Amino acid sequence: MNTLSVIHKTAADLRVEPNLLDYEKTRKTFTWEAARTELPGGGLNIAWETVERHTTGALRDKTAFRFLSATAPPRDLSYGDLSRLTNRFANVLRKLGVAKGERLFILAGRIPELYIAMLGSLKNGTVVSPLFSAFGPEPIATRVNLGQCKVLVTTDFLYLRKIEKWRETMPSLKHVLLIAEDDGQTNIPGTLDFASLMADASEAFEIEPTTAEDMALLHFTSGTTGMPKGAIHVHGAVVTHYVTGKYALDLHADDIYWCTADPGWVTGTSYGIIAPLLHGVTSIIDCEEFDAERWYRILQDEKVSVWYTAPTAIRMLMKAGAETTKQYSFPQLRFVASVGEPLNPEAVWWGKQVLGLPIHDNWWQTETGGIMIANTPAFDIKPGSMGRPLPGVEACIVRRNETTGEIEVIEEPNTDGELALRRGWPSIFRGYLNNEERYRKCFVDELYLTGDLARRDADGYFWFIGRADDIIKSAGHLIGPFEVESALMEHPAVAEAGVIGKPDPMIGEMVKAFVSLNKGYTESEALRRELLGHARKRLGAAVAPKEIAFLSSLPRTRSGKIMRRLLKARELGLPEGDTSTLEGGASA
Ligand code: AMP
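Here is a short report on the structure shown in this document. (Residues numbered from 1 in each chain as written. Predicted model: local features only at pLDDT ≥ 70, side-chain atom pairs only at ≥ 80, totals over all residues. Heavy atoms only, no water.)

A look at the pairing of strand S11 (residues 282–286)
Point 1. Counting buried residues along S11, 5 of its 5 residues qualify, which places the element largely inside the surrounding structure.
Point 2. Going residue by residue along S11, you find Thr-282, Ile-284 and Asp-286 tucked away on one face and Ser-283 and Ile-285 tucked away on the opposite face as well.
Point 3. Pairing of strand S10 (residues 256–259) with S11, which is carried by 3 bridges, proceeds in the parallel orientation. Looking across to S11, one finds that Trp-258 is bridged to Ile-284. (Buried < 20%, exposed > 50% of the residue type's maximum accessible area, 1.4 Å probe, protein only. Helix = DSSP H or I, 4+ residues; strand = E, 2+ residues; numbered from the N terminus. Pairing = 2+ DSSP bridges.)

Printed below as a string of structure tokens:
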């Protein structure tokens, strides 16, 4: 181990005894069967394990969620409140005739109703899919149709802006439940008022019996070649959420915990809702967008002890400068973790210098359902590394043998290859909705192939290299180039479009599009702006390209696929690599 690049932990770094104290021993003795027995319900229903079982015990009056907003005083919901409100919502669904297994989507900011609707649906056995509220109408409609969504919970503001005009393109949608935002109106034809339905519903509800294998959550993730994929997650995933909340986030009962991720993405659900409730902690939820001063104030005033955030946010805090940080102090903060994109070593060290704590990177993805590889409190950090596999997780590096075509595990340390995980942890996805073939392709025997390139060093630490495919990671959000290209192609001027992730020091990658134009259109600044506006309107700010460049034609393979890899290499001035499949030959 190169000691210069290692942050050694000492007893002084540990304000409480870490849940994962002896890594090697715990890994040897750990079994998922034993972990399951730590949950009183055996992990058969997420809502029971997260909410219901706490309501007869000491946690009943403890704050589960504290919602912060810039315009209203904080609103606290206790575990008891959550139980009553989620029972009401489950009764609302039952009354509407929404059955177990049917799909409910939520499109809302981080408001209490989102959390109530999600947990209430799980009580009813209804499958939930949270959508990111910054999506535009097109990504919303695609997902609603793929998921055959029957009920949509949203706000009047989002409904009017993103759904109403497109509603007839979503035939599965039977009920829309509207939450009045600020002084909003919910008497919109074709919709129901969330508040009145809740007021009329009973507070008594018997949870619908579910098994560990029943579908609970549908999280959409991006693909390279097609429309988004709906990753299926089951109730039994809750065992992983419990174990990883314990070992990777080191949650202790008296923690004040803040996960900054939006539930529209998997982290905001698994670790913004499920894991903290399982551990009976109080979670802070900020309804506002990022603001450096506001975030420091929250850490300070709410006395946050465990903070789970993302590299883009950390880089933005770094940019805000030390003077800003100095105005605040965080004596309660004891553990900081980050996920979603590579965390640069400078950010880890910045944490140590400025917050007094290094940032602990961890790795997972929508398909894994929970944290797989992590830096945990008791262990030395190698800044730049994602850490080591958690107990119950077997990770390895694999490569396809060029002669036999077989996938082989590479035992040699420090060798680049694809990161793979041995099947067996409870939260692994159970399929891509209606896409069995794509799902099967992710597995070779018992190995799940992650699509990420990585290497493992001699000490067992994993280092991220990049994606094996063209998927873009921008501000922590996965974006499928195909979805962006399709939206651009809908504009009459665009003949073809190719979309890449262009490295960006702040948000990791920025979405950049290359387009060629149809006959009769000529490139101009006005057309570029029009295309940017067109994409933004359809896709929403989170997905739309930030830059568009015109090309006379796009490089394609002989089979007609746009070579995004080549567009990227040219953009970055890198070697073009193997161009033998390029249309027109290698010299084209
Ligand atoms: P998602 O499914 O949206 O959660 O995105 C998962 C992908 O994000 C992974 O496959 C990685 O490409 C990337 N990712 C997640 N965590 C990390 C990390 N700690 N370091 C580097 N990349 C990460």
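Structure's up, so let's keep going.
Structural notes on helix H10 (residues 266–278)
Point 1. H10 sits mainly inside the fold: 13 of its 13 residues count as buried.
Point 2. Following H10 by one or two positions, Gly-280 adopts a phi angle in the positive range, close to 65°.

Some thoughts on the site of the ligand
Point 1. Residues in contact with the ligand amount to 17 residues; listed here are only the nearest, Asp-361, Asn-362, Gln-365, Thr-366 and Lys-473.
Point 2. Asp-361 has a polar side-chain atom sitting 2.8 Å from a nitrogen atom of the ligand.
Point 3. In the model, an oxygen atom of the ligand is placed 2.8 Å from a nitrogen or oxygen of the Gln-365 side chain.
Point 4. Sorting the residues of the shell around the ligand by element identifies strand S14 (359–363) and strand S22 (462–467) as the ones contributing at least two each. (Near = heavy atom within 4 Å. Polar contact = N/O pair within 3.5 Å; in protein donor to acceptor, adjacent residues only side chain to side chain.)

A word on helix H14 (residues 345–355)
Point 1. Buried within H14 are the following residues: Ala-347, Val-348, Trp-350, Gly-351 and Leu-355. Looking straight down H14, one finds its buried side chains confined to an arc of 160°; they lie on one side.
Point 2. Directly after H14, the chain includes Gly-356, whose backbone phi takes a positive value near 85°. (Arc of directions from axis to C-beta.)

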